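Breakdown of the fold
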Amino acid sequence: MAKDSYLVGLIGAGIGPSLSPALHEREADRQGLRYLYRLIDIDVLGVAPEAVGELLRSARDTGFDGLNITHPCKQLVIEHLDALSPQAEALGAVNTVVFEDGRAIGHNTDVTGFAASFARGLPDVPLEKVVQLGAGGAGAAVAHATLTLGAERVTVVDALADRAAELAASLNRHFGAGRAAHAGPDRLPELLASADGIVHATPTGMAAHPGLPFAAELLHPGLWVAEVVYRPLETELLRTAREIGCATLDGGGMAVFQAVDAFRLFTGREPDSARMLADIAELAGAVGTPK
């Protein structure tokens, strides 16, 4: 007999503004479930990201059914899990953990979440040359998604050269030689001058990390801009890009579609993505439409 009561949560830093609790709980209410979604904020707790293993064990012992994992713990959590889905293993990043029979199983719903949002919000943009800023946990997921969507070449830019190189090498192994390259931030001016679009996958622009991830003058109207940050929904990057005429995609759609997949993993029930898109539109303003 299917359960009708669930306890889940989110582990991350600076997650107070997260809309995940409302997205999950609203859909659960419509399905007649008792569903409690807790925030486990390492900043509020005053612990380091490396404490994710202890927090995970505590949640399992307390009776949680599962957890979402966000910045900066998506990669650190892996060593504390009992098994990984193929997608999470390929990415080296986990954003969803399901507790099953005493075991902690890691999944990644960021890939499918970003792909669904991009296909919906920027359906006809060119994908020959894509620049991606950020090679962390979210970066690995959206790079996989972008190449799966048909991008010919993705150049990964990160302040940590080794991290960018490792992600590019992993992408080339997975998608074929030459599909990915890596570069340092100093090469952004030349890369963006000839790129079709940029995917932004760093924490810059989040409520706790305001500002632009690079100089505004590097943007030009021929560039599309896709954002991973969704809180706030309109980051300074998206606002600046829209002002100069770029097609843009905010992070709201990705937030919804990854939540749809996580809800399904937690409950075994099929959520209604259209209703959840309406939820985030109400909670944070219109999402997913290029302007």
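For the structure, check the block above.
Residues numbered from 1 in each chain as written. Predicted model: local features only at pLDDT ≥ 70, side-chain atom pairs only at ≥ 80, totals over all residues. Heavy atoms only, no water.

**Focus on helix H9 (residues 236-243)**
Burial in H9 covers these residues: Leu 237, Leu 238, Thr 240, Ala 241 and Arg 242. On the buried face of H9, the contacting elements are strand E10 (197-200), strand E11 (224-227) and strand E12 (248-249). A positive backbone phi angle near 100 degrees is found at Gly 245, which sits one or two residues after H9. (Buried < 20%, exposed > 50% of the residue type's maximum accessible area, 1.4 Å probe, protein only. Helix = DSSP H or I, 4+ residues; strand = E, 2+ residues; numbered from the N terminus. Contact = heavy atoms within 4.5 Å.)

**A few points about the sheet that holds strand E5 (residues 96-100)**
Ordered by their spatial adjacency, six strands build an open sheet running E2-E1-E3-E5-E6-E4, and the pairing between neighbours is mixed. Each of the sheet's edge strands pairs with one partner strand only, and the pair in question is strand E2 (34-41) and strand E4 (83-84). Summarising the sheet, strand E1 (residues 5-12) and strand E3 (residues 66-69) pair through four bridges and their orientation is parallel. The partner of Val 8 across the bridge, within E3, is Gly 66. (Pairing = 2+ DSSP bridges.)

**Points about the environment of Thr 62**
Mapped onto the elements of the fold, Thr 62 is located in helix H3 (residues 52-62). Its relative accessible area of 53% is what places Thr 62 among the exposed residues. Remark: the alpha-carbon pair of Thr 62 and Leu 7, spanning 55 residues in sequence, is separated by 9.5 Å. A distance of 2.5 Å separates a polar atom in the side chain of Thr 62 from the backbone oxygen of Ser 58. (Polar contact = N/O pair within 3.5 Å; in protein donor to acceptor, adjacent residues only side chain to side chain.)

**Description of the pairing of E11**
A regular strand places its side chains so that they alternate between the two faces of the sheet. Residue alternation in E11 divides its side chains into two sets, Trp 224 and Ala 226 and Val 225 and Glu 227, and both sets are buried. Bridge count for E10 against E11 is four bridges, and the pairing is parallel. Across the sheet, Val 199 pairs through a bridge with Ala 226, a residue of E11. Alignment of E11 against E12, held across two bridges, turns out to be parallel. Across the sheet, the residue bridging to Ala 226 is Leu 249, located in E12. Crossover E11 to E12 through H9 is right-handed. (Right-handed = clockwise from strand over helix to strand, strands pointing away.)

**Points about helix H5 (residues 110-121)**
The end-to-end C-alpha distance of H5 is 16 Å, a good match for the 16 Å that 12 residues give at a rise of 1.5 Å each. What H5 keeps buried is the set Asp 110, Val 111, Gly 113, Phe 114, Ala 115, Ser 117, Phe 118 and Gly 121. (Expected span 1.5 Å × (residues − 1).)

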